[in-house]
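Per-entry structural report
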Amino acid sequence: MSNTHPTVAVIGAGTIGLSWTALFAGHGLRVRVTDPRPDLAEAVDEALAEAAPQLARQGLDTTGLAGRVQLAEGVTEAVRHADVVQENGPENTDFKRELFATLVREAPSHALLLSSSSAIPSSAFTDRLDDAGRILIGHPFNPPHLVPLVEVVPGRRTSEDAVTRAVGFYRSVGRVPVVERKEIPGFVGNRLQNALSREAIHLVEQGVVSPSELDAIMVNSLGLRWSAVGPFLGAHLGGGPGGYRHMAGHIGPSMQRMWDSLGRPEQNPEQTERLIRAVEDAYGSRSYRDLGRERDRKQLAVLAALKDAGTTSKQNQETRS
């Protein structure tokens, strides 16, 4: 990157793009954001106003936050002087293939080209590009100005230098980048989320628990434990002094039986409608904004508690640098 405070272009101002915009501006970077939406100015203003107190709680100086963000008329204008580009467009391979061809052509040759793609590996949309060495995935979890993880996933032709620079960039804005060694659809975080969601849907479908009861189970057990140590360390500790070896030997046979009994709910209109109604019955009486603000307050509290306890997970900072 060309200086201590680089210019970041944010392409796409949906929920993820607006959150990235707030995070980058909160760390003192110059941000140029573009999106064809007609209400772009209003959306950016609202997102910055909403994020400012949350960024301040993380120790960031939000004075003049909006002054660090400029609106660009299009992709070419947004990336013209960018050191980093964070793309947040539709989850569509053809769209990304065309967009990244434009980014390679229009962005400075030193600029990192990062995609927030949540399922599509970069090799799928860089297959026709001559210059793919600086393109890779930087997949956040929503909202990225609060949730620290960024999955850094290089493509088959991504350079080692680009991976190292991407890790350094995300660390510079307070994120926890984890480099994944192989491309796989959905990457790691979403695959884990979908595996758990599949069984959660099965349990609700079978009438074992309601959506709100399942959420209560997660929040007050696995969610609490995993937020502190993750599933493997949690299992290692669950094995007592014998660790994971004792755990595997002790519950291995019953674990296999449990795996064999896990549900495989079918995604069909009837099942989906039943699930939607069950979730709406549980949470539909409160607005999206109210629920989102409560989630964000709780996430900030968890992050603050982990920081105070000194348990920020160093293993999640593994890189290939």
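This text follows the structure it describes.
Thresholds, definitions, all that
- Residues numbered from 1 in each chain as written.
- Predicted model: local features only at pLDDT ≥ 70, side-chain atom pairs only at ≥ 80, totals over all residues.
- Heavy atoms only, no water.
- Helix = DSSP H or I, 4+ residues; strand = E, 2+ residues; numbered from the N terminus.
- Rg over C-alpha atoms; globule rule 2.2 N^0.38 Å.
- Buried < 20%, exposed > 50% of the residue type's maximum accessible area, 1.4 Å probe, protein only.
- Salt bridge = Lys/Arg side-chain N within 4 Å of Asp/Glu carboxyl O.
- 1 Å grid on protein atoms, 1.4 Å probe; cavity = no way out; pocket = protein on both sides within 12 Å on 5 of 7 lines; lining within 4 Å.
- Points joined across faces, edges and corners; volume = space filled by probe spheres on them.
- Nonpolar A, V, L, I, M, F, W, Y, C, P; charged D, E, K, R; others polar.
- Phe/Tyr/Trp six-rings, centres within 6.5 Å; stacked < 30°, edge-to-face > 60°.
- Pairing = 2+ DSSP bridges.
- Axes fitted to C-alpha atoms, helices over the stretch in contact; angles between N-to-C directions.
- Contact = heavy atoms within 4.5 Å.
- Core = buried A, V, L, I, M, F, W, Y, C linked by side-chain atoms within 4.5 Å.
- Expected span 1.5 Å × (residues − 1).
- Bend = angle between axes of the 7 residues up to and from the residue.

1. Observations regarding the overall build of the protein chain
- The secondary structure content of the protein chain amounts to 11 helices and eight strands.
- Here the protein chain has a C-alpha radius of gyration of 21 Å; the compact-globule value for 321 residues is 20 Å, and the two agree.
- In terms of overall dimensions, the protein chain has C-alpha extents of about 60 × 45 × 45 Å along its principal axes.
- For the protein chain, buried positions account for 40% of its 321 residues.

2. Quick look at the pattern of salt bridges
- Per the stated rule, a full pass over the model turns up 16 salt bridges.
- In this structure, Lys298 engages Glu294 in a salt bridge whose closest nitrogen and oxygen atoms are separated by 3.1 Å. Taken together, the residues Lys298 and Glu294, both in helix α11 (residues 288-309) and four residues apart, mark about one turn of the helix.
- Judged by relative accessible area, which is 51%, Lys298 ranks as exposed.
- When salt bridges with common partners are traced through the structure, they connect Glu46, Glu50, Arg289 and Arg293 into a single cluster.

3. Description of the layout of surface pockets
- Looking at the second largest pocket, its volume works out to about 560 Å³.
- Around the second largest pocket, the lining is made up of 21 residues, and of these Thr15, Leu18, Ala47, Glu50 and Tyr288 lie nearest the centre.
- Where the lining of the second largest pocket is concerned, the elements lending two or more residues are α1 (15-26), α2 (40-57) and α11.
- Looking at side-chain class alone, the lining of the second largest pocket contains seven nonpolar, seven polar and seven charged residues.

4. Focus: the packing of aromatic side chains
- Scanning all chains against the criterion turns up six aromatic pairs.
- Between Phe169 and Tyr170 the ring centres are 5.4 Å apart and the planes differ by 55°, which places this aromatic pair in the tilted class.
- Put simply, the rings of Trp20, Phe24, Phe169 and Tyr170 pair up and form one aromatic cluster.

5. Remarks on the sheet that holds strand β8 (residues 176-179)
- Here eight strands make up an open sheet; going across it, the order is β3-β2-β1-β4-β5-β6-β7-β8 and the pairing mixed. Each of the sheet's edge strands pairs with one partner strand only, and the pair in question is β3 (69-71) and β8. Recorded for the sheet is a direction-independent mean angle of 25° between the axes of neighbouring strands.
- Pairing geometry for strand β1 (residues 7-11) and strand β2 (residues 30-34), over five bridges, is parallel. Counterpart to Ile11 in the pairing with β2 is Thr34.
- Lying on the sheet, helix α4 (residues 93-106) is in contact with β1, β4 (84-87), β5 (112-115) and β6 (135-140); it crosses β5 at an angle near 165°.
- In this fold helix α5 (residues 160-172) packs onto β1, β4, β5, β6, β7 (149-154) and β8, with an angle of close to 70° to the strand it touches most, β5.

6. Let's talk about the environment of Ser287
- As for its position among the elements, Ser287 is in the loop between α10 (269-283) and α11.
- The exposure class assigned to Ser287 is partly exposed, which follows from its relative accessible area of 42%.
- Sequence separation between Ser287 and His110 is 177 residues, and the spatial gap between their C-alpha atoms is 44 Å.

7. Looking at the nonpolar core
- Among the nonpolar cores identified, the biggest contains 37 residues, and Phe24, Leu114, Leu136, Val152 and Phe169 are the most heavily contacted of them.
- Of all the secondary-structure elements, those providing two or more residues to this core are β1, α1, β2, α2, β5, β7 and α5.
- Ranked by the residues each element gives to this core, the list is headed by α2, at eight residues.
- Leaving out residues up to four positions away in the same chain, Leu114 has contacts with Val84, Val85, Gln86, Glu87, Phe100, Leu136, Ala166, Phe169 and Tyr170.

8. Topic: helix α8 (residues 222-238)
- Helix length check: α8 (17 residues) gives 12 Å between terminal C-alpha atoms against 24 Å at 1.5 Å per residue, more than 12% under.
- Of all the bends in α8, the largest measures some 95° and sits at Gly230, one to four residues before the proline Pro231.
- Turning to α8, its buried residues are Gly230, Gly234 and Ala235.
- Against α9 (243-261) lie the buried residues of α8.
- Following α8 by one or two positions, Gly240 has its phi on the positive side, about 70°.

It is worth stressing that arrangement in space is one thing and function is another; only the former is reported here.
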